Amino acid sequence: QLQFVESGGRLVQPGGSLTLSCAASGFTLDNYGIGWFRQAPGKEHEAVSCITGSDGYTYYTDSVKGRFTIARDNAKNTVYLQMNSLKPEDTAVYYCAASPPAYYYCSGYVLWPEALDAWGQGTLVIVPS
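Calculation criteria
- Residues numbered from 1 in each chain as written.
- Predicted model: local features only at pLDDT ≥ 70, side-chain atom pairs only at ≥ 80, totals over all residues.
- Heavy atoms only, no water.
- 1 Å grid on protein atoms, 1.4 Å probe; cavity = no way out; pocket = protein on both sides within 12 Å on 5 of 7 lines; lining within 4 Å.
- Points joined across faces, edges and corners; volume = space filled by probe spheres on them.
- Helix = DSSP H or I, 4+ residues; strand = E, 2+ residues; numbered from the N terminus.
- Nonpolar A, V, L, I, M, F, W, Y, C, P; charged D, E, K, R; others polar.
- Disulfide = S-S within 2.5 Å.
- Buried < 20%, exposed > 50% of the residue type's maximum accessible area, 1.4 Å probe, protein only.
- Pairing = 2+ DSSP bridges.
- Axes fitted to C-alpha atoms, helices over the stretch in contact; angles between N-to-C directions.
- Core = buried A, V, L, I, M, F, W, Y, C linked by side-chain atoms within 4.5 Å.
- Phe/Tyr/Trp six-rings, centres within 6.5 Å; stacked < 30°, edge-to-face > 60°.

1. With respect to the layout of surface pockets
Of the volumes computed, that of the largest pocket is approximately 220 Å³. In terms of lining residues, the largest pocket is bounded by Gln 1, Leu 2, Phe 4, Cys 96, Ala 97, Ala 98, Ser 99, Pro 100, Leu 116, Ala 118, Trp 119 and Gly 120. Residue contributions to the lining of the largest pocket peak at three residues, all from strand E8 (residues 92–98). In terms of residue class, the lining of the largest pocket is made up of nine nonpolar, three polar and no charged.

Next comes the structure, spelled out in structure tokens:
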């Protein structure tokens, strides 16, 4: 069973930096794409970034390009999200997820929320305005 534990979220001032961690268990990263998603209050899950398990290709949504960096450590079975130049609109609960069965690595990762019926506990990031 695929399981994730997200951590690292906290309150950070605008312009600040933060690194989130996603510790995976029950599987190895090599065989999946791993995506970071976020959910702001009253909104749907939004795709943020994705990294392929096999070769480390990365993908970012336009709003975080140039500010966020996704990386993985296969030895630790952990995926990270380095967030710089944080903005109030980055405030959300951040979740990670593995590619659902119908998706190959990071293909269509922006659509994964429609295929996922369960999420981890997430980690809360607050950037005050």
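From this point, the discussion proceeds with the structure in view.
2. Focus on the state of the cysteines
Taken as a whole, this structure holds two disulfides when the rule is applied. A sulfur-sulfur distance of 2.0 Å marks the disulfide that ties Cys 22 to Cys 96. Linking Cys 22 and Cys 96, the disulfide has an S-S dihedral of approximately 80 degrees and is accordingly described as right-handed. Of this pair, Cys 22 sits in strand E2 (residues 18–25) while Cys 96 sits in strand E8; the two residues are 74 residues apart in sequence, bridging distant segments of the chain. Judged by its relative accessible area of 2%, Cys 96 is buried. The partner cysteine of Cys 50 in its disulfide is Cys 106, sulfur to sulfur 2.1 Å.

3. Describing the sheet that holds strand E7 (residues 78–83)
Taken together, the four strands give an open sheet; going across it, the order is E1-E2-E7-E6, and neighbouring strands pair in antiparallel fashion. In this open sheet, the two edge strands, each paired with only one partner strand, are strand E1 (3–7) and strand E6 (68–73). Taken pair by pair, the neighbouring strands of this sheet meet at an average axis angle of 15 degrees, ignoring direction. Across five bridges, the pairing between E1 and E2 is antiparallel. The residue of E2 that forms the bridge with Glu 6 is Cys 22.

4. So, the sheet that holds strand E4 (residues 46–52)
Within a sheet, neighbouring strands are paired by backbone hydrogen bonds and run either parallel or antiparallel to one another. Spatially, the five strands line up as an open sheet ordered E5-E4-E3-E8-E9, and their pairing is antiparallel. Taken across any chain shown, the strands that pair with only one partner, and hence form the sheet edges, are strand E5 (58–60) and strand E9 (123–125). Each adjacent strand pair in this sheet contributes to an overall mean axis angle of 25 degrees, direction not counted. Inspection of the sheet shows E8 paired to E9 by three bridges, in the antiparallel sense.

5. Thoughts on the nonpolar core
Counting 25 residues, the largest nonpolar core has Trp 36, Leu 81, Met 83 and Tyr 94 as its most contacted members. Taken together, the elements giving at least two residues each to this core come down to E2, strand E3 (33–39), E4, E6, E7 and E8. The next biggest cluster of nonpolar side chains, apart from the first, holds seven residues, and it includes Phe 37, Ala 47, Ala 97 and Trp 112.

6. Here's the deal with the packing of aromatic side chains
Counted by the stated rule, this structure contains eight aromatic pairs. Summarising the aromatic geometry, the rings of Tyr 59 and Tyr 109 are spaced 6.4 Å apart at their centres and angled 45 degrees between planes, so their arrangement reads as tilted. Here Tyr 109 lies in the loop between E8 and helix H1 (112–115) and Tyr 59 lies in strand E5, a separation of 50 residues in the sequence. For Tyr 109, a relative accessible area of 7% puts it in the buried group. Look at Tyr 104 and Tyr 105: their rings are 4.7 Å apart centre to centre, the planes differ by 70 degrees, and that puts the pair in the edge-to-face class. What makes Tyr 105 buried here is its relative accessible area of 17%.

Just geometry here; none of it tells us what the structure is for.
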